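Chain by chain, the residues:
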Amino acid sequence: MNNGRNGVHVLLIGYSRPDNNDSTAIRANCTCTLIRTRNGRNIIVDTLTAWDGERLTEVLHNLHGLQPKDIHVVVCTHGHSDHTGCNYLFRAAEWHIVGACISNRDKYLDCALTRGESEPFQLCSDDVTVVRTPGHTLSCVSVLVRNTVQGVVGVCGDLFERVEDIADPNIWLEAGSENASSQKRQRLRMAELCDYIVPGHGQGFAVTQQMREMLRQQVNASSDHMEDACT
């Protein structure tokens, strides 16, 4: 039972690591998350690779008694293949949101989110919203879930690789960033908004004041560096 709250459930924990057998490659798969809203809507965020369909279907059924047809909305925080691979399972969903693109079949929605504006896209009144968080890619989005037992939860994709990248920014920088300056700002923004964050390639974590302060210092250090470069 939802007890009048929204539920955020990590279905499969992602990872990103070197390939021990191939120095030119890495091994990566995303953290896949299910949001069960208090009004009965099911939202899946980041759908693994195209080879994970059977595993994802089994987890949905075994842990939550759901079938792919029971998913109302699919959100992929960005368009990389380890975050979009099993979208094909959820053809009954009302919307597929891939980064800042919102579609159903050949219908593409025109709204503030898709136009690059700051207004969030509501999935469940103000309880569940999709917001733009550009950085890892310029079209990245995150899902904010309010009224949960963890407080405000941000399902952030690769805005955060994993909790360790707060103390060691090289982790997310080496994973790739189309705009590192924007990503730093968005990481701080989400940490200030959220009590709990689900990253793109690791376990969820509670956000502490110490984490917020580290992220704030990283943003300020970047600003100071830009000012020095201009003088």
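Above this text you will find the structure in question.
Counting starts from 1 at the beginning of each chain's written sequence and moves along it residue by residue. Where local features are concerned, this predicted model is filtered to residues with pLDDT of at least 70; where side-chain atom pairs are given and counted, the filter is 80 or more; whole-chain, interface and lining totals use all residues. In computing side-chain properties, one takes all heavy atoms of the structure into account and sets aside hydrogens as well as water.

### Quick notes on the overall build of the protein chain
Reasoning step 1: Runs of E in the DSSP output that reach at least two residues are strands. Runs of H or I that reach at least four are helices, and both are numbered from the N terminus. The helix and strand tally for the protein chain stands at five helices and 15 strands.
Reasoning step 2: Restricting the calculation to C-alpha atoms gives the radius of gyration, and the globule rule supplies 2.2 Å times the number of residues raised to the power 0.38. In terms of overall size, the protein chain behaves like a compact globule, its C-alpha atoms giving a radius of gyration of 17 Å where 231 residues would be expected to give roughly 17 Å.
Reasoning step 3: Principal axes of the C-alpha set define a box for the protein chain whose edges measure 60 × 45 × 35 Å.
Reasoning step 4: Type-normalised accessible area, obtained with a 1.4 Å probe on protein chains alone, sets the label of each residue: buried when under 20%, exposed when over 50%, and partly exposed for intermediate values. Within the span of the protein chain, comprising 231 residues, buried residues form 49% of the whole.
Reasoning step 5: Between two residues, a contact is recorded if the distance between any of their heavy atoms is within 4.5 Å. In the protein chain, the proportion of contacts linking residues at least 24 apart, taken out of those at least 6 apart, comes to 55%.
Reasoning step 6: Note on areas: these come from Shrake-Rupley sampling with a 1.4 Å probe, and a residue is covered only by the protein chains present in the view. Carbon and sulfur atoms provide 48% of the accessible area of the protein chain, an area that totals close to 11,500 Å².
Reasoning step 7: Neither His nor the chain termini are counted; the positive set is Lys and Arg, and the negative set is Asp and Glu. Just so you know, the charge point we use is NZ for Lys, CZ for Arg, CG for Asp and CD for Glu. On the protein chain, the mean spot of the 21 positive side-chain charges and the mean spot of the 28 negative ones are 6 Å from each other.

### Here we look at the side chain of E161
Reasoning step 1: Along the polypeptide, E161 turns up in the loop between β13 (151-157) and α3 (170-174).
Reasoning step 2: For this document, the term salt bridge refers to a Lys or Arg side-chain nitrogen within 4 Å of an Asp or Glu carboxyl oxygen. Buried within the structure, E161 lacks any salt-bridge partner; R162 is the closest side chain of opposite charge, at an N-O distance of 4.7 Å.
Reasoning step 3: Beyond its immediate sequence surroundings of up to four residues, E161 is in contact with S16, I171, W172, A175, P199, G200, H201 and G202.

### Quick word on the nonpolar core
Reasoning step 1: Here, nonpolar core means buried Ala, Val, Leu, Ile, Met, Phe, Trp, Tyr and Cys residues that are tied together by side-chain atoms lying within 4.5 Å of each other. Counting residues in each nonpolar core, the largest one holds 22 residues, and the members touching the most others are V75, I97, L123, V130 and V143.
Reasoning step 2: Those elements that provide at least two residues to this core are β5 (42-45), β6 (73-76), β7 (95-98), β10 (121-124), β11 (128-132), β12 (141-148) and β13.
Reasoning step 3: Contacts of L123, omitting those with residues within four sequence positions, involve R41, I43, V73, V75, I97, V128, T129 and V130.

### A word on the sheet that holds β13
Reasoning step 1: Between any two strands, pairing holds if DSSP finds at least two bridges. The sheet built from six strands is open, its strands ordered β10-β11-β12-β13-β14-β15 with mixed pairing. Looking at the sheet topology across the chains shown, the edges are occupied by β10 and β15 (205-206).
Reasoning step 2: When β13 meets strand β14 (residues 196-199), the two strands line up parallel, connected through four bridges. When the bridges of β14 are listed, G154 appears paired with I197.
Reasoning step 3: Together, β11, β12, β13 and β14 form the strand contacts of helix α4 (residues 180-193), whose direction differs from that of β11 by roughly 160 degrees. Only the stretch in contact is used when fitting a helix axis, every axis being a line fitted to C-alpha atoms; angles between N-to-C directions are given from 0 to 180 degrees.

### Some remarks on α4
Reasoning step 1: The end-to-end C-alpha distance of α4 is 20 Å, a good match for the 20 Å that 14 residues give at a rise of 1.5 Å each.
Reasoning step 2: For α4, the complete set of buried residues consists of S182, Q183, Q186, R187, L188, M190 and A191.
Reasoning step 3: Measuring from the backbone nitrogen of S181 back to the side-chain oxygen at the start of α4 gives 3.3 Å, which picks out N179 as the cap. Multiplying 1.5 Å by the helix residue count minus one yields the expected span of that helix. Throughout this description, a polar contact denotes any pair of N or O atoms lying within 3.5 Å of each other; where both atoms belong to protein, one of them has to be capable of donating a hydrogen while the other can accept it, and for residues adjacent in sequence the pair is counted only when both atoms sit in side chains.

### Side note on the sheet that holds strand β4 (residues 32-36)
Reasoning step 1: Overall, mixed pairing links the seven strands, which are arranged β1-β4-β5-β6-β7-β8-β9 in an open sheet. Every other strand in the sheet has two partners, leaving β1 (7-12) and β9 (107-108) as the edge strands with one partner each.
Reasoning step 2: Its contacts with the sheet put helix α1 (residues 53-64) on β1, β4 and β5, and the angle it makes with β1 is roughly 135 degrees.

### Examining the side chain of R41
Reasoning step 1: Looking at the secondary structure, you find R41 in the loop between β4 and β5.
Reasoning step 2: Separated by 3.2 Å, the side chains of R41 and E94 make a polar contact.
Reasoning step 3: A distance of 3.5 Å separates a polar side-chain atom of R41 from the backbone oxygen of L123.
Reasoning step 4: When sequence neighbours within four positions are dropped, the list of residues in contact with R41 reads I35, R36, H72, V73, E94 and L123.

### Quick word on the packing of aromatic side chains
Reasoning step 1: Classification of ring pairs uses Phe, Tyr and Trp, with its six-membered ring standing for Trp, and accepts pairs whose centres are within 6.5 Å; under 30 degrees between planes counts as stacked, over 60 as edge-to-face, and the remaining range as tilted. Applying the stated criterion across every chain yields a total of one aromatic pair.
Reasoning step 2: Pairing F160 with F205 gives two aromatic rings, centres 6.1 Å apart and planes at 75 degrees, and the pair type is edge-to-face. Of the two residues, F160 is situated in the loop between β13 and α3 and F205 in strand β15; the sequence distance between them amounts to 45 residues.
Reasoning step 3: As a reminder, the over-ring test applies to NZ of lysine and CZ of arginine, requiring each to be within 6 Å of the ring centre and within 35 degrees of the ring normal. Lying across the ring of Y15, R17 places its NZ or CZ 4.4 Å from the centre.

### As for the pairing of β10
Reasoning step 1: As defined by bridge partners, β10 adjoins β11 across three bridges and the pair is classed as antiparallel. When the sheet's bridge partners are listed, Q122 is paired in β11 with T129.
Reasoning step 2: A loop of three residues connects β10 with β11, the two strands running antiparallel in sequence, and S125 in this loop sits at a positive phi of about 45 degrees.

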